[in-house]
Amino acid sequence: MHRRRFLQTSASVGVSAMLTTLVARSAHAAHAATRFDPRHIRDVLPHQGPERKALLLTAIDAARAAGAQYCDVRFGINHREIWQQFEGLRYPAPSNMTVVAVSVRALYDGYWGFAAAEGLPSIDIVSKLGKDAAAQAKIGARGKPRTALLAPTAVVTDGVWTTPIEIDPFTVDPGEKVDLMLGIDSFIERQAPGVGGGGMLMFVRDETSFASSDGSFFTQTLYTSEAGVLIGAEPHYQTKLEANRNCSLASVAGAGWEHIVRAPIEEHVPQYVEQALAMRTPTPVNVGRYDIVFDTDAMADILDGTFGAATEIDRAMGYRANTVGTSYLSDPTRMLGSEQVAAPIVSVSSDRTMLKGAATVKWDAEGVTPDVVPLVTKGVLTDFQTTRESASWLSDAYARVNRPVRSHGCATSDSITAPAQSMCANLTLAPGPGNDTFESLVASTKKGLAVLGSSVTMDQQCLNGACQGNLVYEIVDGKLGKVIGGTTILFRAPEFWKGVLALGGPSSARTTGRSNWPLDPLGTRTGGKARSTSVVPAKVKQLAVVDTIPRT
Amino acid sequence: MTVTTMFPSVHAVHTCPRSLFAPEEFLSHEQCAALFDRIVALGTGGGETSIALTSRYSSGATWARNRVHLSQAVGATTIEITRKVGGASAIAWATRTDDDGLREAIRHAELSLQWDVQNPEQIRDEPLNEPTLTPTLWSEPTYALDGAQRGDIAQHMIAASETAGLLAAGELLVSARGYATFNTMGIARYYPVTWVECSMSVRDQKGTASGWAGKTHYDIAKIDAQALAAVAHDKCVRSMNRGAVEPGRYVTILEPQAVADLFAVVMDPMGPTMDRTGAENLIGPFALSLGRSKIGQHVLDRSLTVRSDPMDPDAGFVPFEKYSGDPYQPVSWFADGVLRDLYYHRDYALSRMHKGQSLELQGSYRLSSTLEPVSIDEMIRTTERGILVTRFHNVQMVDNKSVLCTGFTRDGLWLIEHGKISRPIKNFRFTSSPLFAMNALEAVGKPVRVFDHEFARVAPAMKVRDFNFTSLADAV
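Predicted, not measured: the structure shown is a model, and the values here were computed from it. (Residues numbered from 1 in each chain as written. Chains lettered and ligands numbered in written order. Predicted model: local features only at pLDDT ≥ 70, side-chain atom pairs only at ≥ 80, totals over all residues. Heavy atoms only, no water.)

(A) Broad picture of the overall build of chain B. The helix and strand inventory of chain B stands at eleven helices and 21 strands. By the compact-globule yardstick of 23 Å for 476 residues, chain B fits well, its C-alpha radius of gyration being 24 Å. Relative to its full complement of 476 residues, chain B shows a buried share of 61%. Of the contacts formed within chain B by residues at least 6 apart in sequence, a portion of 72% connects residues at least 24 apart. Surface accessibility of chain B: about 17600 Å² in total, with carbon and sulfur atoms responsible for 52%. (Helix = DSSP H or I, 4+ residues; strand = E, 2+ residues; numbered from the N terminus. Rg over C-alpha atoms; globule rule 2.2 N^0.38 Å. Buried < 20%, exposed > 50% of the residue type's maximum accessible area, 1.4 Å probe, protein only. Contact = heavy atoms within 4.5 Å. Areas by Shrake-Rupley, 256 points an atom, 1.4 Å probe, with all protein chains shown as cover.)

Set out below in structure tokens:
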């Protein structure tokens with residue numbers, strides 16, 4: 001569906017006038033662009049030019065000269081463009097954020113040092129950072145002995161890789177983006193009276209050059225794109241309840257502008273509007289235990305909050321005990337290969353090679369080429385999401401199951417100025433053996449609930465969770481019935497996954513993205529790195545359901 | 001003549017002191033002013049230019065499993081450039097301070113201007129170029145703390161737990177920051193700040209017990225790191241062999257950190273709870289009717305006051321608003337239990353109150369009570385049956401009308417019986433509202449500074465009735 005059809009079908013003269021204004025503004029932009037032409041950092045330090053590599057190698061040399069036994073350096077240019085909260089015909093200007101930074105990590109006698117600086121790097125700056133990183137490591141090494149073994153990895157020689165996109169979103173005329181979002185807003189408003197929407201677009205280009213004392217050097221450019229909308233419905237005349245449905249039009253993916261314009265917006269928006277309207281007339285939930293059918297959006301959240309976080313090896317080994325917490329998979333060495341953590345029908349893998357995955361890379365933050373990691377195989381815990389050092393923590397377990405000690409390429413950081421650690425990557429919940437779909441899982445349920453989309457919160461060990469469904473229907477005799485309000489599903493991760501009764505088949509698989517929507521503009525506080533989750537719908541037995549809405 | 005010489009800084013009292021032992025790691029007042037002059041010179045198309053700049057140098061020691069496995073030092077300068085032309089405005093952020101980097105950010109902002117609606121008749125924001133308060137937020141000994149000293153502090157914190165066969169994890173982060181707001185309407189503000197975060201968790205080897213303690217402050221002398229380590233260690237030891245207790249409503253003693261964790265959803269500057277515009281549009285707990293809020297009504301226990309004052313010795317903060325440079329004045333959000341004010345932005349102030357200054361919620365506060373302060377030991381002694389909570393985790397609001405929240409207890413939970421702590425118990429999920437809790441007050445302690453990554457918060461311990469623990473959450 002061509003974006004301009006949104007505007008052409010609208011009866012609003014004002015929108016047409018705005019289109020004219022937008023075209024005029026585009027011309028102005030083109031003119032303005034020629035009036036000055038600042039040298040972009042990619043021209044000052046082209047990624048295939050000798051200057052950038054020389055800069056990184058200077059940092060390596062400085063760290064080695066200062067005593068580092070291993071070191072690596074990352075230079076990054078992160079650009080983020082956010083369009084938010086279109087309000088009818090008035091919309092604020094997009095936010096543009098560019099972060100340029102360089103960081104050095106050094107290992108000395110088992111201790112890590114890290115030094116980083118934002119801004120345009122120079123030979124002096126990177127030299128200083130190299131020395132600082134080694135000096136920081138030596139500070140830690142003043143303590144008791146510590147061992148840090150790095151699993152081997154292949155050297156990358158002058159590697160170059162870019163997310164395979166079709167259309168660079170940063171080359172798309174802003175007028176085209178505004179056209180699309182205005183058209184979607186108009187399309188939403190035409191679905192029903194009293195309904196409106198406010199959209200969001202976010203594009204990220206993350207270019208990182210990496211060098212290590214092992215001899216690796218590469219430059220990797222990652223793109224993510226996403227579009228969403230908040231659909232609001234005015235208060236219902238009887239219940240007085242309004243509704244706000246946060247909808248992903250094109251969830252974050254490793255893709256370009258094509259991901260936005262090819263999203264099935266026409267197909268999904270009417271469903272979202274219908275759901276928002278239904279949310280205003282909920283029936284209170286009867287607390288108790290139910291068999292519950294979760295759609296793919298809800299399963300993505302649950303998977304991410306349970307296995308996704310619990311298998312981050314840093315977390316499982318206590319390295320984040322003082323911050324976000326630990327993991328209920330608390331004894332990785334003993335559990336790997338033997339612990340039953342889910343029903344035999346359940347298999348989960350981590351995959352940073354996923355096509356269009358938001359966390360897909362060619363090399364991770366340590367220069368490791370990721371592989372597909374079976375985390376859970378037929379219900380048994382099989383592995384963890386590891387980095388070069390943390391893979392060695394599992395040496396005994398790998399020896400027991402006759403596998404090599406290798407990093408799975410899960411080293412990531414929120415930014416160049418944060419040290420890399422193991423972070424949840426793209427996840428896949430393997431389809432069930434049959435051809436089930438969400439609809440057939442509902443049809444096979446005599447009495448239960450159906451959950452569409454959710455918000456999941458977990459405790460500090462990823463053990464106990466609460467799932468608040470975005471839209472919950474009761475299931476009666478295999479059919480969707482009334483909309484249920486105030487539903488919160490309480491669960492323990494092991495019982496949840498062991499209670500999986502059925503999974504959707506291959507045709508029901510959907511990939512959704514989990515955004516790293518920044519809590520502040522420069523992303524100094526984020527919700528973790530963006531990642532994709534490929535899941536199927538699932539039916540889970542006898543989960544506890546409570547009502548959290550205060551009744552007056 | 002530059003902008004800064006036309007309008008001399010009213011903030012000349014605090015320049016950035018230099019340590020003799022540490023290099024210059026973040027921008028001084030003079031450097032920020034010079035940077036602003038360059039940004040103005042690089043702009044095109046007239047209009048106004050403003051910047052909100054944070055320049056920071058952070059260093060820290062992070063430990064886990066009894067080893068300081070990571071020591072780090074990070075320098076960063078974040079510049080938020082706003083260009084306003086004819087009522088339209090656009091923002092771009094940058095971290096480069098060279099001419100090309102600044103020019104690129106300005107170009108982004110100026111190109112984006114076209115997407116904002118221009119309204120020449122829009123009221124021009126007049127800056128409030130009045131003197132700000134001058135809180136002390138800088139500590140030279142904190143700035144001078146070097147990596148070796150920091151490492152030694154961390155090692156001493158770990159020592160006792162390691163000797164006892166426990167596992168310590170923690171962080172000691174020290175940063176020095178310069179906050180600057182400059183604009184072409186005459187505002188030139190700068191404030192240097194030091195900041196320390198010190199926290200530690202102690203767990204047993206089996207992962208069945210944990211304890212935690214932490215504090216943040218601008219002055220490292222106000223943080224007794226060894227005492228924090230001892231508390232975390234003690235809580236871990238006293239948490240061993242936890243039993244389960246039935247969920248339900250209990251008399252609950254919330255330690256100061258737990259009170260702050262619960263109250264955070266109310267005092268969140270980005271949240272809807274304290275928003276006057278929202279309240280007058282029937283959003284949030286302080287909505288009375290359409291167009292009216294509950295300002296003037298009792299909403300908390302009559303002994304409680306919540307006040308934000310830049311000059312507070314333990315809850316002070318940078319005395320001007322980040323974007324406008326408007327001076328912060330002390331605000332009593334709640335006084336003697338009465339809701340006294342809600343935050344509003346400048347457009348609300350101009351249209352509804354016919355004045356130019358907004359009232360922003362900065363996020364730092366002091367929560368105090370007129371009741372005679374009571375120690376936690378005394379609260380325990382006067383409790384027949386209850387629960388003692390160290391802190392909460394992952395507090396999420398589930399209903400904004402009542403500020404009903406849910407979350408988990410963490411790092412130390414004990415059953416109190418007959419005036420004594422009888423045993424450690426497994427963690428709970430709770431579902432309650434800070435407003436409910438602060439209307440069911442039985443006793444209050446002395447306010448103390450708590451741990452928070454961003455804000456200076458002071459809160460007392462509280463003993464409250466009928467705190468609702470809804471289910472067991474057996475995580476450690």
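Don't stop here, the text continues.
(B) Layout of the sheet that holds strand 10 (residues 348–351) of chain A. Residues and elements named next belong to chain A. Sheet architecture is open: six strands sit in the order 12-11-10-15-22-21, paired in mixed fashion. In this open sheet, the two strands that pair with only one neighbour each are strand 12 (380–381) and strand 21 (510–514). The sheet contact formed by strand 15 (residues 427–429) and strand 22 (residues 531–535) spans two bridges and is parallel. What sits directly across from Leu 427, in strand 22, is Thr 533. Against the sheet, helix 9 (residues 296–310) makes contact with strand 10, strand 11 (372–377), strand 15, strand 21 and strand 22, and its axis sits at roughly 115° relative to strand 22, the strand it touches most. (Pairing = 2+ DSSP bridges. Axes fitted to C-alpha atoms, helices over the stretch in contact; angles between N-to-C directions.)

(C) Main features of the interface of chain A and chain B. In this complex, chain A contributes 78 residues to the contact, which on the side of chain B involves 75 residues. At the boundary of chain A and chain B, one finds three salt bridges. The shortest N-O distance in the salt bridge between Arg 142 of chain A and Asp 152 of chain B comes to 3.1 Å. Across the chain A-chain B interface, the total number found is 31 residue pairs in polar contact (both at pLDDT 80 or more). By residue class, the composition of the side of chain A that touches chain B is 39 nonpolar, 27 polar and twelve charged. The pairing of strand 3 (residues 111–118) of chain A with strand 2 (residues 67–85) of chain B spans six bridges and is classified as parallel. Each bridged residue has a counterpart across the sheet, and for Trp 112 of chain A the counterpart in strand 2 of chain B is Leu 70 of chain B. (Salt bridge = Lys/Arg side-chain N within 4 Å of Asp/Glu carboxyl O. Polar contact = N/O pair within 3.5 Å; in protein donor to acceptor, adjacent residues only side chain to side chain. Nonpolar A, V, L, I, M, F, W, Y, C, P; charged D, E, K, R; others polar.)

(D) Summary view of the pairing of strand 1 (residues 70–84) of chain A. All names here are of chain A. The element strand 1 is extensively covered by neighbouring structure, given that 14 of its 15 residues are classed as buried. In this sheet, strand 2 (residues 95–108) lies alongside strand 1 in antiparallel orientation, the contact comprising 13 bridges. In the strand pairing of strand 2, Val 73 is matched with Val 104. Here 13 bridges tie strand 1 to strand 5 (residues 195–212), and the two strands are oriented antiparallel to one another. Bridge pairing links His 79 to Arg 205 in strand 5.

(E) Summary view of the nonpolar core. The biggest cluster of nonpolar side chains holds 62 residues, and the ones touching the most others in it are Ile 292, Phe 294, Phe 307, Leu 429, Phe 496 and Trp 497 of chain A. Ranked by the residues each element gives to this core, the list is headed by helix 9 of chain A, at eight residues. If we ignore the near neighbours within four places in the chain, the residues touching Phe 294 of chain A are Met 299, Ile 302, Phe 438, Val 451, Cys 467, Ile 489, Phe 496, Pro 537, Ala 538, Val 540 and Leu 543 of chain A. Judged by nonpolar contacts, the second largest core, of 53 residues, contains Ala 258, Leu 339, Met 462 and Phe 467 of chain B. (Core = buried A, V, L, I, M, F, W, Y, C linked by side-chain atoms within 4.5 Å.)

(F) Here's a closer look at the packing of aromatic side chains. Following the criterion strictly, the structure yields 25 aromatic pairs over all chains and no others. Judged by centre distance (5.9 Å) and plane angle (40°), the ring pair of Phe 26 of chain B and Trp 138 of chain B falls under tilted. On the criterion of sequence distance, the pair formed by Phe 26 of chain B in the loop between helix 1 (3–6) and helix 2 (29–42) and Trp 138 of chain B in the loop between helix 3 (99–112) and helix 4 (140–144) is long-range, its members being 112 residues apart. Both residues of the pair, Phe 26 of chain B and Trp 138 of chain B, count as buried. Where Trp 138 of chain B meets Tyr 143 of chain B, the ring centres are 5.0 Å apart and the plane angle is 55°; that geometry is what we call tilted. Classification of Trp 138 of chain B as buried rests on a relative accessible area of 11%. Residue classification places Tyr 143 of chain B among the buried positions, given a relative accessible area of 7%. One aromatic cluster in this structure is built from Tyr 250, Phe 392, Phe 428, Phe 430, Phe 467 and Phe 469 of chain B. Taking NZ or CZ as reference, Arg 205 of chain A lies 4.6 Å from the ring centre of Phe 170 of chain A, over its face. The cationic tip of Arg 238 of chain B hangs over the ring face of Trp 414 of chain B; the distance from NZ or CZ to the ring centre is 4.5 Å. (Phe/Tyr/Trp six-rings, centres within 6.5 Å; stacked < 30°, edge-to-face > 60°. Lys NZ or Arg CZ within 6 Å of the ring centre and 35° of its normal.)

(G) Layout of unusual backbone geometry. Although it is not a glycine, Lys 378 of chain A adopts a positive phi angle of roughly 50°. Here Lys 378 of chain A lies in the loop between strand 11 and strand 12. Located in the positive-phi region is Arg 65 of chain B, a residue other than glycine, with phi close to 50°. Looking at the secondary structure, you find Arg 65 of chain B in the loop between strand 1 (48–64) and strand 2. Judged by its relative accessible area of 34%, Arg 65 of chain B is partly exposed.

(H) Fine view of helix 4 (residues 50–65) of chain A. All names here are of chain A. With 16 residues, helix 4 should cover 22 Å at 1.5 Å per step; its first-to-last C-alpha distance of 22 Å lies within 8% of that length. Among the structural elements, helix 3 (41–44), strand 1, strand 2, helix 5 (123–140), strand 5 and strand 6 (217–233) are those in contact with the buried residues of helix 4. Positive phi shows up at Gly 67, right after helix 4, with a value of about 110°. (Expected span 1.5 Å × (residues − 1).)

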